[in-house]
Amino acid sequence: MPLVAGVDSSTQSCKVVIRDAETGRLLRSGRAGHPEGTEVDPAAWWQALQTAIQAAGGLDDVAAISVGGQQHGMVCLDDRGEVVRPALLWNDTRSAAAASDLVAEFGAENWAEAVGVVPVAAITISKLRWLSDHEPGNAARVAAVCLPHDWLSWKLSGSDDLSDLVTDRSDASGTGYFDPKSNSYRRDLLMLGFGRDVLLPTVAAPAEGRKASTGSLIIGPGAGDNAAAGFGVQAGDAAVVSLGTSGTVFARSSVPPLDPSGIVAGFADLTGVFLPLVCTLNAARVLDATARILGVDLNRLSELALSAAPGAGGMTLVPYFEGERTPNLPNSTGAIHGVTLANSTPENLARAAVEGMLSGLAAGLDALALQGCSVSSVRLVGGAAQSPAVRQIAPSVFGTPVDVPPPGEYVADGAARQAAWVLAGSAEPPVWTHELAGAERYEAPITAGLRERYAAAAQRFLPASP
């Protein structure tokens, strides 16, 4: 019974799952926390991975491993393989002005056509421009640029040779200098962003593995977290809405999207096709913040939200608490509209928070539909998907049936499934069915006028865009 390991190195923590390669049955798991902040020394990720592996019983009996990781993070290495400066994470917005400069210099339509992505603060190339502009000394030391999952895979390999850095097309497609249509780097755009060329990781095929420098462990190419989650939840043709630190909406597509507005990012999926994706900065933490305001825990927040009528009595919450990426408003803040003496209740505020968070993602589903993606049903995953209020309210906001699979570490599961694919050497990935048994379906009539009220309230922010 060969075993495989999957890793989810996310913003907040590192999770490791050990599964049976043939059936996908979960055998062991481990977890460790990451430091808070929007820039992190990658050494903290490595330490957390070691702790999580130990908590999962180690890798002595594991045949293959793959790493899923938070996307876009800028990891800069010098010619000795040492980290030049703490990695800027996807949610660090200091590069917003650099992103605007890049769009102005090359044009939004040209970016969308070239790499499927219009730069915003989150994208790696924007962070490289910021580094070049604001820390020229550090920029001059950079010999190689990689992403969090690339760096961790490299560390697992035991190599100290920069030429052994490997990535996959799903994560590379979020850098702003990789074209997922041709599966090649756009070094001209890297030059535009950073001012010079540097070493970039080799882009491996979806099931291409390599052996660690010591021992027999095989390391898969890994993936960006959203692609790994879609692979782990085995979504098929359904759209996936993931409610974690950030909120994401994505669906597999055989056609590369083209969206000069930048709302839909033309990412690649883990298997070789495309993963049109919309990302918001504000998801589960909107509920955390509202619970703090009301002085309740998340269970009570859910109860309050479900005790209010759909539409929250006309109260509308725009959840741009951490600034926002979609729409591109990095300096915005949250707001509540439509407050009256009649609707000023804890119940309505709780409901407005849930509806507001979900409405931001519903706008993403609309954007995917315009790119030709199917949005006839939604798989809802992530920490906030475990809230009864979120589950029950989601179909009334999305206007589609919502399927909620059992709680799981789907990014790590997707990485483990990829490791099993690498180990098998087959043309098609393995199908693991039992882990998704017991998914619950939620259906509800759409709440009349809610999406329109949310859109009107959100529209008021647009003039403040930098």
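Within every chain, residues take consecutive numbers counted from 1 along the sequence as written. Predicted model: local features are reported for residues with pLDDT of at least 70 only, side-chain atom pairs are reported and counted for 80 or more only, and whole-chain, interface and lining totals are derived from all residues. To obtain the side-chain values, all non-hydrogen atoms of the structure were included, while hydrogens and water were left out.

1. Description of helix α1 (residues 42-55)
Okay, step 1: If you check α1, its first and last C-alpha atoms are 20 Å apart, about what 14 residues at 1.5 Å a residue would give, namely 20 Å.
Okay, step 2: The cut-offs for exposure are 20% and 50% of the maximum accessible area for each residue type, with area from a 1.4 Å probe on protein chains only; residues under the lower value are buried, those over the upper are exposed, and the others partly exposed. Going along the chain from the N terminus, every DSSP run of H or I of four or more residues is numbered as a helix, and every run of E of two or more is numbered as a strand. Looking at α1, one finds that the buried residues are Pro42, Trp45, Ala48, Leu49, Ala52 and Ile53. In an axial view of α1, the angular spread of the buried residues amounts to 135°, which keeps them on one side of the axis. In α1, the exposed positions angled more than 90 degrees off the buried face are occupied by Gln47 and Gln54.
Okay, step 3: Just downstream of α1 lies Gly57, where phi reads positive at about 90°. Here the expected length of a helix is defined as 1.5 Å per residue gap, with one fewer gap than residues. Working definition: the arc comes from the directions between the helix axis and the C-beta atoms, pointing outward to the latter.

2. Some points on the packing of aromatic side chains
Okay, step 1: Classification of ring pairs uses Phe, Tyr and Trp, with its six-membered ring standing for Trp, and accepts pairs whose centres are within 6.5 Å; under 30 degrees between planes counts as stacked, over 60 as edge-to-face, and the remaining range as tilted. Considering all chains together, one arrives at five aromatic pairs under this definition.
Okay, step 2: Centre to centre, the rings of Phe106 and Trp111 are 5.1 Å apart; their planes meet at 75°, and the pair counts as edge-to-face.
Okay, step 3: Judged by centre distance (5.6 Å) and plane angle (75°), the ring pair of Phe178 and Tyr185 falls under edge-to-face. In terms of burial, Phe178 and Tyr185 fall into one category: buried.
Okay, step 4: Taken together, the aromatic side chains of Tyr177, Phe178 and Tyr185 make up a single cluster linked through ring pairs.
Okay, step 5: Put simply, a charge is over a ring when the Lys NZ or the Arg CZ is close to the ring centre, within 6 Å, and near the line of the ring normal, within 35 degrees. A cation sits over an aromatic face here: Arg169 above Phe274, 5.5 Å from the ring centre.
Okay, step 6: Between Arg417 and the ring centre of Phe231, over which it is positioned, the NZ or CZ distance is 4.1 Å.

3. Examining the environment of Phe194
Okay, step 1: Along the chain, the position of Phe194 falls in helix α8 (residues 187-194).
Okay, step 2: In sequence terms Phe194 and Arg129 are 65 residues apart; their C-alpha atoms lie 5.2 Å from each other.
Okay, step 3: We call two residues in contact whenever any of their non-hydrogen atoms come within 4.5 Å of each other. Look past the residues within four positions of Phe194 in its chain and what remains in contact with it is Leu128, Leu131, Ser132, Ala139 and Val142.

4. Focus on the sheet that holds strand β23 (residues 402-404)
Pairing between sheet strands relies on hydrogen bonds along the backbone, with the strands arranged either parallel or antiparallel.
Okay, step 1: The pairing criterion is simple: DSSP has to find at least two bridges between the two strands. Judged by pairing direction, the sheet is mixed, and its seven strands sit side by side in the order β18-β19-β17-β16-β22-β23-β24 without closing on themselves. In this open sheet, the two strands that pair with only one neighbour each are β18 (265-268) and β24 (440-442). For this sheet, the mean inter-axis angle between neighbouring strands, taken without regard to orientation, is 30°. Structural elements are reduced to axes, namely lines fitted to C-alpha atoms, with helices fitted over the stretch in contact, and the angle between N-to-C directions of any two is expressed from 0 to 180 degrees.

5. Describing the pairing of strand β22 (residues 378-381)
Okay, step 1: Here β22 shows no split at all, with Val378 and Leu380 on one side and Arg379 and Val381 on the other all buried.
Okay, step 2: Two elements, strand β16 (residues 239-243) and β22, share four bridges in a ladder whose sense is parallel. Within the sheet, the bridge partner assigned to Ser242 lies in β22 and is Val381.
Okay, step 3: Every crossover in which the path from the first strand over the helix to the second runs clockwise, viewed with the strands pointing away from the viewer, is termed right-handed. This β-α-β element, β22 to helix α13 (residues 388-398) to β23, shows right-handed connectivity.

6. Here we look at helix α4 (residues 124-134)
Okay, step 1: Among the 11 residues that make up α4, eight are buried, leaving the element largely enclosed by the rest of the structure.
Okay, step 2: By the burial criterion, the buried members of α4 are Thr124, Ile125, Ser126, Lys127, Leu128, Arg129, Trp130 and Leu131.

7. Points about the nonpolar core
Okay, step 1: Counting residues in each nonpolar core, the largest one holds 50 residues, and the members touching the most others are Cys76, Leu128, Leu131, Val142, Val145, Tyr177 and Phe194.
Okay, step 2: When residues of this core are traced back to their parent elements, those giving at least two are α2 (96-106), α3 (108-115), α4, α8, α9 (225-233), β18, β19 (274-280) and α14 (410-424).
Okay, step 3: Here this core takes five residues from α9, the largest share from any one element.
Okay, step 4: Excluding anything up to four places from it in sequence, Cys76 contacts Glu82, Val83, Val84, Leu128, Leu131, Val142, Ala144 and Val145.
Okay, step 5: In this structure, Ala251, Ala312, Ala367 and Val402 belong to the second largest nonpolar core, which totals 45 residues. The nonpolar core is taken to be a set of buried Ala, Val, Leu, Ile, Met, Phe, Trp, Tyr and Cys residues, with the residues joined through side-chain atoms within 4.5 Å.

8. With respect to the side chain of Glu355
Okay, step 1: Structurally, Glu355 is set in helix α12 (residues 346-370).
Okay, step 2: Its relative accessible area of 1% is what places Glu355 among the buried residues.
Okay, step 3: Within polar-contact distance, the side chain of Glu355 engages the backbone nitrogen of Gly311 at 2.9 Å.
Okay, step 4: Those residues in contact with Glu355, other than ones at most four positions away along the chain, are Pro310, Gly311, Ala312, Ile393, Val397 and Leu450. Here a polar contact is recorded for every N or O atom pair within 3.5 Å, except that within protein the pair must consist of a potential hydrogen donor and a potential acceptor, and residues adjacent in sequence are included only if both atoms are side-chain atoms.

By themselves, these observations are geometric and do not establish any function.
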